[in-house]
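# Residue-level structure breakdown
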Amino acid sequence: MGHKVVVFDISVVRALWETRVKKHKAWQKKEAERLEKSALEKIKEEWNFVAECRRKGIPQAAYCKNGFIDTSVRLLDKIERNALTRQSSLPKDRGKRSSAFVFELSGEHWTELPDSLKEQTHLKEWHISNTLIQIIPTYIELFQAMRILDLPKNQISYLPAEIGCLKNLKELNVSFNHLKSIPPELGDCENLDRLDCSGNLELMELPFELSNLKQVTFVDISANKFSSVPICVLRMSNLQWLDISNNNLIDLPQDIDRLEELQSFLLYKNKLTYLPYSMLNLKKLTLLVVSGDHLVELPTALCDSSTPLKFVSLRDNPIDNARCEDGDEIMESERDRQHFDKEVMKAYIEDLKERETVCPLPKSQRGSSMNTHEETDCKWEPDDPVNQRRDKEVS
């Protein structure tokens, strides 16, 4: 018996496949119409757009209005163009600072940190300023390489406890924000060298746990509401610069001489009536700024020729009547005024140091000139009540 051979017409096979192809194309068309009407495609488009915005560091507020996402390509291009414009307008010195380990953010259009920042745990520096950001997220604990946390002039209302996990942190600047307290966990940042909490206006105390910060050399807590020098500050044995101006100090602690390494002490615009004699034990103190206080007594030996101190007493404060450049508009807010205050005083101190370097006064003249009211290292105001009292003692 031989093999059976099936014989059929090829036209029948072709017609069969053509029918199947036609049905498949019709199904594809119907499926495309269904997807076009479905919300799934719109959701996919929105997610892709959101992912692209996050990758480029664009804040959610820029593309999400009232819960709806604007996926317009022109919107994305506009946001990118604005970002490039802002970057090109940054000062040249900031460009030099930028690197793969530095994160920079500035501008009032920022209300929150970009989500993509969470993945950049290799960063060593954050420089965030002049934004409307209110919260520092708890995932900051992931940034174990962090050295500098520079957050001035934002809207930050509190710092997370997780900041204490940054064991390598060297500098923390949270000046001119809205802080009312400092987390005690900051005391765990044992390598901290500089702490700037100035200009928060409502800060009244520092936690005792900050006594553990034995490496700190610079503390600025000016323009707040401190009524006394914090105990933790007195225990910072390496402190060299302390600015506690523009507060509510009535007196200084008698054990202020615990700060044996203190070189610069800014006390202006408090409510001090005297300076304690224990300040004579601050052998390394070279700059003492007192202004706008009510001093009626101070140790006269502070201005003795044997001390390296440059005593600055500014009876008339140039900041009290500070105005803008046009001379008509008063500073908009208390924070702006305090910031301007600090900038002026900083400029004054720098000018004082420069004049001392260019034209130093011989030591032999320093003590004698005090009695004749000549301008020397110690600026002496004859109308000041302290000076009147001293003049009587001399006579």
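Residues numbered from 1 in each chain as written. Predicted model: local features only at pLDDT ≥ 70, side-chain atom pairs only at ≥ 80, totals over all residues. Heavy atoms only, no water.

## Describing the overall build of the chain
Formally: Numbered from the N terminus, helices here are DSSP runs of H or I no shorter than four residues, and strands are runs of E no shorter than two. Burial status follows relative accessibility: with a 1.4 Å probe on protein chains alone, a residue under 20% of its type maximum counts as buried, one over 50% as exposed, and anything between as partly exposed. Any two residues whose heavy atoms approach within 4.5 Å at even a single point are treated as in contact.
Secondary structure assignment for the chain yields eight helices and 12 strands. For the chain, with 395 residues in total, the buried portion stands at 40%. Within the chain, contacts between residues separated by at least 24 positions form 35% of all contacts whose residues are at least 6 apart in sequence.

## Considering the pairing of strand S11 (residues 287-291)
As a reminder of what qualifies: A pair of strands is considered paired only if DSSP assigns at least 2 bridges between the two.
Of all five residues making up S11, five are buried, and the element is well covered by its neighbours. As paired elements, strand S10 (residues 264-266) and S11 share three bridges and run parallel to each other. Within the sheet, the bridge partner assigned to leucine 266 lies in S11 and is valine 289.

## Description of the pattern of salt bridges
Rules: Salt bridges are defined as contacts in which a side-chain nitrogen from Lys or Arg sits within 4 Å of a carboxyl oxygen from Asp or Glu.
Under the criterion given, the structure shown has two salt bridges. Between lysine 284 and glutamate 261 there is a salt bridge whose closest N-O contact spans 2.7 Å. Here glutamate 261 lies in the loop between strand S9 (241-243) and S10 and lysine 284 lies in the loop between S10 and S11, a separation of 23 residues in the sequence. Overall, the relative accessible area of 38% leaves lysine 284 in the partly exposed class.

## Notes on the pairing of strand S4 (residues 125-129)
Within S4, five of the five residues are buried, leaving the element largely enclosed by the surrounding structure. Here S4 shows two buried faces, one formed by Glu125, His127 and Ser129 and the other by Trp126 and Ile128. Where strand S3 (residues 102-106) meets S4, five bridges bridge the pair, whose relative direction is parallel. For valine 102, the partnering residue across the bridge sits in S4 and is glutamate 125. Of the strand pairs in this sheet, S4 and strand S5 (residues 148-150) are connected by three bridges, and their pairing is parallel. Considered in S5, the bridge of histidine 127 is made with aspartate 150.

## Some words on the environment of alanine 100
Counting through the fold element by element, alanine 100 comes out in the loop between helix H4 (92-97) and S3. Here the alpha-carbon distance between alanine 100 and glutamate 125, two residues 25 residues apart in the chain, equals 9.9 Å. With residues near it in sequence (within four places) discarded, alanine 100 still touches His122 and Leu123.

## So, the nonpolar core
Worth spelling out the cut-off: Only buried residues count toward a nonpolar core, which is a set of Ala, Val, Leu, Ile, Met, Phe, Trp, Tyr and Cys residues joined through side-chain atoms within 4.5 Å.
Trp126, Leu149, Leu172, Phe265, Leu275 and Met279 are the most contacted members of the largest nonpolar core, which totals 64 residues. Secondary structure elements with two or more residues in this core: S3, S4, helix H5 (231-234) and S11. It is H5 that contributes the most residues to this core, three residues altogether. Setting aside anything within four residues of it in sequence, one finds methionine 279 in contact with Leu252, Ile256, Phe265, Leu285, Leu288 and Leu302. Formed by six residues, the second largest nonpolar core is a distinct cluster that contains Tyr268, Leu287, Val289 and Ile349.

## Brief notes about the confidence of the model for the chain
Definition in use: pLDDT runs from 0 to 100 and stands for how confident the predictor is about each residue.
On average, residues of the chain score 76 in pLDDT, and 65% of them reach the 70 mark or higher. Note on residues 361-395: pLDDT under 50 across the span, and 56 contacts to partners over four residues away in sequence or across chains.

## Description of unusual backbone geometry
Even without a glycine there, the phi angle at asparagine 130 is positive, about 55 degrees. Structurally, asparagine 130 is set in the loop between S4 and S5. Note on asparagine 130: relative accessible area 36%, which makes it partly exposed. Residues other than glycine seldom take positive phi values, yet lysine 153 does so here, at roughly 55 degrees. Inspection of the secondary structure assignment puts lysine 153 in the loop between S5 and strand S6 (171-173).

## A short note on the state of the cysteines
Let me state the cut-off plainly: The disulfide definition used here is simple: a pair of cysteine sulfur atoms within 2.5 Å.
Using the criterion set out here, one finds zero disulfides in the structure. The structure places no disulfide on cysteine 197, whose sulfur is separated from the nearest cysteine sulfur, that of cysteine 232, by 9.6 Å. The buried category is assigned to cysteine 232, whose relative accessible area is 1%.

## Quick notes on the environment of serine 245
Note the threshold: Under the rule applied, a polar contact is a pair of N or O atoms within 3.5 Å (in protein, one hydrogen donor and one hydrogen acceptor; residues adjacent in sequence only if both atoms are side-chain atoms).
Mapped onto the secondary structure, serine 245 falls in the loop between S9 and S10. Residue classification places serine 245 among the buried residues on the basis of a relative accessible area of 0%. The residues touching serine 245, leaving out its near neighbours within four places in the chain, are Ser222, Ala223, Leu266, Leu267, Tyr268, Lys269 and Asn270. Polar side-chain contacts of serine 245 include one of 2.6 Å to the side chain of aspartate 243.

## A short note on the environment of arginine 258
When you line up the elements, arginine 258 lands in the loop between S9 and S10. Along the sequence, arginine 258 and asparagine 281 sit 23 residues apart, while their C-alpha atoms lie 8.8 Å from each other. If we skip the residues at most four places from it in the chain, arginine 258 touches Leu234 and Arg235.

## Notes on the packing of aromatic side chains
Applied cut-off: Aromatic contacts are taken between Phe, Tyr and Trp rings whose centres are within 6.5 Å, Trp giving its six-membered ring; a plane angle under 30 degrees counts as stacked, one over 60 as edge-to-face, and the others as tilted.
Evaluation of the coordinates by the stated rule reveals four aromatic pairs. Ring geometry for tyrosine 139 against phenylalanine 143: centres 6.4 Å apart, planes inclined by 35 degrees, an arrangement best described as tilted. We note that tyrosine 139, like phenylalanine 143, is buried. Measuring from ring centre to ring centre gives 5.8 Å for phenylalanine 218 and tryptophan 241, while their planes differ by 15 degrees; the resulting arrangement is stacked.

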